[in-house]
Amino acid sequence: GILVLIKNIAAADRMKRMKYQVVLWDFDGTLVDSSPGLFRSLGRMFERMGRPVPGEEVLRKFIGPPIVYSLKTYTGMSDEDAEKAVWLFREDYEAGGCYLSKVYDGLPELLGRLRERGIKTGVATLKPEKTARHLLEYLGIDHLIDTCIGNRNDEKGAITKKDIIETALDRLGWTDKSRVVLIGDSVYDADGAITAGIDFVGAAYGFGLLPEQAEELGCCYVAESPADLEPFFFGPGDCNAAAGAVK
C-alpha cells in the first residue's frame, strides 16, 4: 500500500512539472509521411485530367491544405475542374495511394510515453476525417490517439485549422489552452495554433516549414527530425525543459 502511494505521489509530481497536458498533431508531414501515396495519386489525377504533372516543388505544397484550395491556388483550376479533379484524386488515393503512408520513426514510442504520463493526444488535420481515422487504424496507432478531428469528406466549406483545434479540445473536454501544444509542418498549422491561443511546435522535417521560418511563425520549438521531439517533452527532470526556446 505504501509503495503504491509513493508511486502515485511521484506520478502526480511529474504531471505537475509537465508543461503540456494535451498534445495535438497535424497528420500529413508531421505524424505520418504520406508523400509517396499523395504524389502518386496527384500525378495520376493530373494525367487523367489531361494536364501536365507539376514538379515535386509544386506537389509538396499540396501536403497540408485542402486539395481543392491547392488545385485552385497552385494550378489555377476552375471550381468545376477542381471538383472533378478531387474526385479522381480520391478514387486513386483511397484505392491504394493512402496505403503507401508510414508513421515517422520513433513517434509511436513517443505517443506511448506521453500517454503513460496521462497526457492526452489528438490529431487535428485538414485532411478528411474519415481518411485520417482509417489510416490511423491501418498504421496501427489509433489506440495511441484520444481523438481525431478532420475536414469534411468533400473538403467543401470554410473550415480552418483553428476550427479543427477548438473542436478537438472540445471533444477532449479540455479548456486550459496554456497546457496545449500543436505540432505541425506548415504556416497553416502555425496560424491555426496562434489564432486558437495555443503553443506551436514546428516540424521542420515535414513538407511546408523551413527551420529559418520558426521565429517569424512564433514557434516555441523547432524539430528538425522526429527524434528532436523526444527531448522537447522529456528533458531533464521529465519536464518540458525545452518549452519556450526555439531550437
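In short, a report on the structure. (Residues numbered from 1 in each chain as written. Predicted model: local features only at pLDDT ≥ 70, side-chain atom pairs only at ≥ 80, totals over all residues. Heavy atoms only, no water.)

Right, let's talk about the overall build of the protein chain for a bit. Scanning the protein chain from N- to C-terminus turns up 11 helices and eight strands. Expressed as a percentage of its 247 residues, the buried residues of the protein chain come to 51%. For the protein chain, the share of sequence-separated contacts (at least 6 apart) that also reach a separation of at least 24 residues comes to 65%. Of the roughly 11,400 Å² of accessible surface on the protein chain, 52% is carried by carbon and sulfur atoms. (Helix = DSSP H or I, 4+ residues; strand = E, 2+ residues; numbered from the N terminus. Buried < 20%, exposed > 50% of the residue type's maximum accessible area, 1.4 Å probe, protein only. Contact = heavy atoms within 4.5 Å. Areas by Shrake-Rupley, 256 points an atom, 1.4 Å probe, with all protein chains shown as cover.)

This brings us to the state of the cysteines. In this structure the tally under the stated criterion is zero disulfides. Residue C219 stays outside any disulfide, its sulfur separated by 7.4 Å from that of C220, the closest cysteine. Judged by relative accessible area, which is 10%, C220 ranks as buried. (Disulfide = S-S within 2.5 Å.)

Turning our attention to the side chain of S35. Within the fold, S35 resides in helix α2 (residues 35-48). By relative accessible area, S35 is classed as buried at 9%.

Under the definition given, this model contains 10 aromatic pairs. Relative to F62, the ring of F46 lies with its centre 6.3 Å away and its plane at 90°, an arrangement referred to as edge-to-face. With F46 in helix α2 and F62 in the loop between α3 (56-59) and α4 (67-75), the pair connects residues that are 16 residues apart, well separated along the chain. Within the aromatic cluster, the residues linked to one another by ring pairs are F46, F62, Y69, Y74 and Y188. Sitting over the face of the ring of F234, R113 holds its NZ or CZ atom 3.8 Å from the ring centroid. (Phe/Tyr/Trp six-rings, centres within 6.5 Å; stacked < 30°, edge-to-face > 60°. Lys NZ or Arg CZ within 6 Å of the ring centre and 35° of its normal.)

Further remarks concern the packing of α4 against helix α5 (residues 79-95). Closest axis-to-axis distance for the α4/α5 pair is 9 Å, and the angle between their directions is 130°. Taken together, the axis directions place α4 and α5 in an arrangement best described as oblique. Seen from above, α4 lies across α5 with right-handed handedness. Side by side, α4 and α5 meet where I67, V68, L71 and K72 of the first sit next to D79, A82, A85, V86, F89 and R90 of the second. (Axes fitted to C-alpha atoms, helices over the stretch in contact; angles between N-to-C directions. Parallel < 35°, antiparallel > 145°, perpendicular 65-115°, else oblique. Left-handed = near helix turned anticlockwise from the far one by under 90°.)

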